[in-house]
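Chain and residue survey
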Amino acid sequence: MTSSPCPPLPDEHWPAEIAEMKSGFAGALNVYRTMAHHPDLLKAWTPLRQHIVKNNALGPIRSELVILRAAHRMNSAYEWAHHVSRARALGISDARIEAMRGMPDGEDGLIVQAVDAIFDTRSLPSDLELALSAAIAKQGVFDLIATVGFYSILGCILMTYQTPIDDAIAHEMAERPL
């Protein structure tokens, strides 16, 4: 395996200008320790991350399903593993998680179709947008689109810099593969 040209920053190399972020979300995961190479970007990222990850209109279950499908479409091993773990913690079954790699029925299928449309055509066809709006409301549609964009950018960073899956998640996936 090749070494990353931009590995996650260890504590002793953490940038002084974002010292206060090290004890929070930014210091907890390799993805943000990689982003810490660009402190201004990480600082700017924080408010959007708060909305996408914590305060979105999708709710935690739908949000994880969107992220899982985006991770699958990007072939981002890091995001897939981390969000399998998060989905399990929310009580989502392994069968439902695995179904996000295919075409599930019902609302999960709508989510898959929406994520795929965003990846394939960079927009939602009007009939799909109407169906989603009926199921998750207009703000949910906006947040679905924003979540796909947010995690696509993270996936690009992770894959460009070959960011390793965090040890606890790698251990969980080894102990409990899908």
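This is a predicted model, so every value here is computed, not measured.

Quick look at the nonpolar core now. Formed by 31 residues in total, the largest nonpolar core has its most connected members in Leu124, Leu132 and Leu144. With 8 residues, the single largest contributor to this core is helix 7 (residues 106-121). For Leu144, the residues in contact, after removing those within four places along its chain, are Leu58, Val66, Ile111, Ala114, Ile118, Leu132 and Ile136. In this structure, Trp14, Tyr32, Ile67 and Tyr151 belong to the second largest nonpolar core, which totals 21 residues.

Take the pattern of salt bridges next. For the structure shown, the criterion picks out 12 salt bridges. Between Asp40 and Lys43 there is a salt bridge, with its nearest N and O atoms 3.7 Å apart. Note that Asp40 and Lys43 are positioned in helix 3 (residues 39-54) at a spacing of 3 residues, about one turn of the helix. Using a relative accessible area of 36% as the deciding quantity, one classes Lys43 as partly exposed.

What follows concerns the environment of Asp143. Here Asp143 is to be found in helix 8 (residues 126-160). A C-alpha to C-alpha distance of 22 Å links Asp143 and Ala81, two positions 62 residues apart in sequence. Those residues in contact with Asp143 that lie beyond four places of it in its chain are His51, Asn56, Ala57 and Leu58.

Let us now look at the state of the cysteines. Within this structure, the stated rule accounts for 0 disulfides. This cysteine, Cys6, is not joined by any disulfide, and Cys156 carries the nearest cysteine sulfur, 15 Å off. Since its relative accessible area comes to 42%, Cys156 is described here as partly exposed.

Attention now moves to the side chain of Glu79. Mapped onto the elements, Glu79 comes out in helix 5 (residues 77-89). With residues near it in sequence (within four places) discarded, Glu79 still touches Ala71, Tyr151, Leu154 and Leu158.

What helix 9 (residues 167-175) keeps buried is the set Ile169, Glu172 and Met173. Buried residues of helix 9, viewed axially, fall in a sector of 95°; they line one side. Across helix 9 from its buried face, at more than 90 degrees, point the exposed residues Asp167, Ala174 and Glu175. Next to the buried residues of helix 9 lie helix 5.

Aromatic ring pairs: the centre-centre distance and the angle between the two ring planes describe each pair. Going through the model one piece at a time under the given rule, you end up with 3 aromatic pairs. Ring geometry for Phe150 against Tyr151: centres 5.1 Å apart, planes inclined by 70°, an arrangement best described as edge-to-face. Just as Phe150 is buried, Tyr151 falls in that class too. Among the aromatic residues, ring-to-ring pairing joins Trp45, Phe150 and Tyr151 into one connected group. Lying over the aromatic face of Phe25, Arg49 brings its terminal NZ or CZ to 4.0 Å of the ring centre.

Calculation criteria
- Residues numbered from 1 in each chain as written.
- Predicted model: local features only at pLDDT ≥ 70, side-chain atom pairs only at ≥ 80, totals over all residues.
- Heavy atoms only, no water.
- Core = buried A, V, L, I, M, F, W, Y, C linked by side-chain atoms within 4.5 Å.
- Buried < 20%, exposed > 50% of the residue type's maximum accessible area, 1.4 Å probe, protein only.
- Helix = DSSP H or I, 4+ residues; strand = E, 2+ residues; numbered from the N terminus.
- Contact = heavy atoms within 4.5 Å.
- Salt bridge = Lys/Arg side-chain N within 4 Å of Asp/Glu carboxyl O.
- Disulfide = S-S within 2.5 Å.
- Arc of directions from axis to C-beta.
- Phe/Tyr/Trp six-rings, centres within 6.5 Å; stacked < 30°, edge-to-face > 60°.
- Lys NZ or Arg CZ within 6 Å of the ring centre and 35° of its normal.

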